[in-house]
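A structural walkthrough
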Amino acid sequence: MLYEKIRNLREDRDMTQKEMGRILCCSQRVYSDYERGKLDIPTEILIRLADFHEVSVDYILNRTENKTPIK
């Protein structure tokens, strides 16, 4: 799964896909498609996800295992 980490981050917060969809201003279906890698995540949404979960975009994109965003 390309975006497995956003699922893990969501589940770590005990949130549903519907709740994440509301936060990101998209439907549960669209958010589910992001998690499953069926839709590429737009840059704006990717940044919102990283900010919300307080992780780096590189972490979400599997480019690093370091969650800490660069300030």
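Remember, predicted model here, so these are calculated numbers, not experimental data.

Regarding the packing of aromatic side chains
- Inspection of the entire model under this criterion finds zero aromatic pairs.
- Looking at Lys5, its charged tip hangs above the ring of Tyr59, at a distance of 4.1 Å from the centre.

Overview of unusual backbone geometry
- Phi at Cys25 takes a positive value of approximately 60 degrees, unusual for a residue other than glycine.
- Residue placement: Cys25 occurs in the loop between helix H2 (17-24) and helix H3 (28-36).
- One non-glycine residue, Glu54, lies in the positive phi region at around 55 degrees.
- Here Glu54 shows up in the loop between helix H4 (43-53) and helix H5 (57-60).
- For Glu54, a relative accessible area of 62% corresponds to the exposed category.

Points about the pattern of salt bridges
- Counted according to the given criterion, the structure contains seven salt bridges.
- Here Glu44 and Arg48 are joined by a salt bridge, their closest N and O atoms 2.6 Å apart. Pair noted here: Glu44 and Arg48 are both in helix H4, with a separation of four residues, about one helical turn.
- According to the relative accessible area criterion, Glu44 is exposed, its value standing at 52%.
- Using a relative accessible area of 29% as the deciding quantity, one classes Arg48 as partly exposed.
- Overlapping salt bridges, with partners in common, bring together Arg29, Asp33 and Arg36 in one network.

Section: the state of the cysteines
- Per the stated rule, a full pass over the model turns up zero disulfides.
- Cys25 carries a free sulfur, and the closest cysteine sulfur to it, the one in Cys26, is 7.9 Å from it.
- The class for Cys25 is exposed, based on a relative accessible area of 67%.

Comments concerning H4
- Residues of H4 that are buried: Ile45, Leu46, Leu49, Ala50 and His53. End-on view of H4: buried residues confined to an arc of 135 degrees, all on one side of the axis. Residues of H4 that are exposed and point over 90 degrees away from its buried face: Thr43, Glu44 and Asp51.
- Here the buried face of H4 lies against helix H1 (4-12), H2, H3 and H5.
- One or two steps after H4, the chain reaches Glu54, where phi turns positive at roughly 55 degrees.

Reading the values: rules and limits
- Residues numbered from 1 in each chain as written.
- Predicted model: local features only at pLDDT ≥ 70, side-chain atom pairs only at ≥ 80, totals over all residues.
- Heavy atoms only, no water.
- Phe/Tyr/Trp six-rings, centres within 6.5 Å; stacked < 30°, edge-to-face > 60°.
- Lys NZ or Arg CZ within 6 Å of the ring centre and 35° of its normal.
- Helix = DSSP H or I, 4+ residues; strand = E, 2+ residues; numbered from the N terminus.
- Buried < 20%, exposed > 50% of the residue type's maximum accessible area, 1.4 Å probe, protein only.
- Salt bridge = Lys/Arg side-chain N within 4 Å of Asp/Glu carboxyl O.
- Disulfide = S-S within 2.5 Å.
- Arc of directions from axis to C-beta.
- Contact = heavy atoms within 4.5 Å.

Honestly, that's just the spatial picture; any functional story needs more than this.
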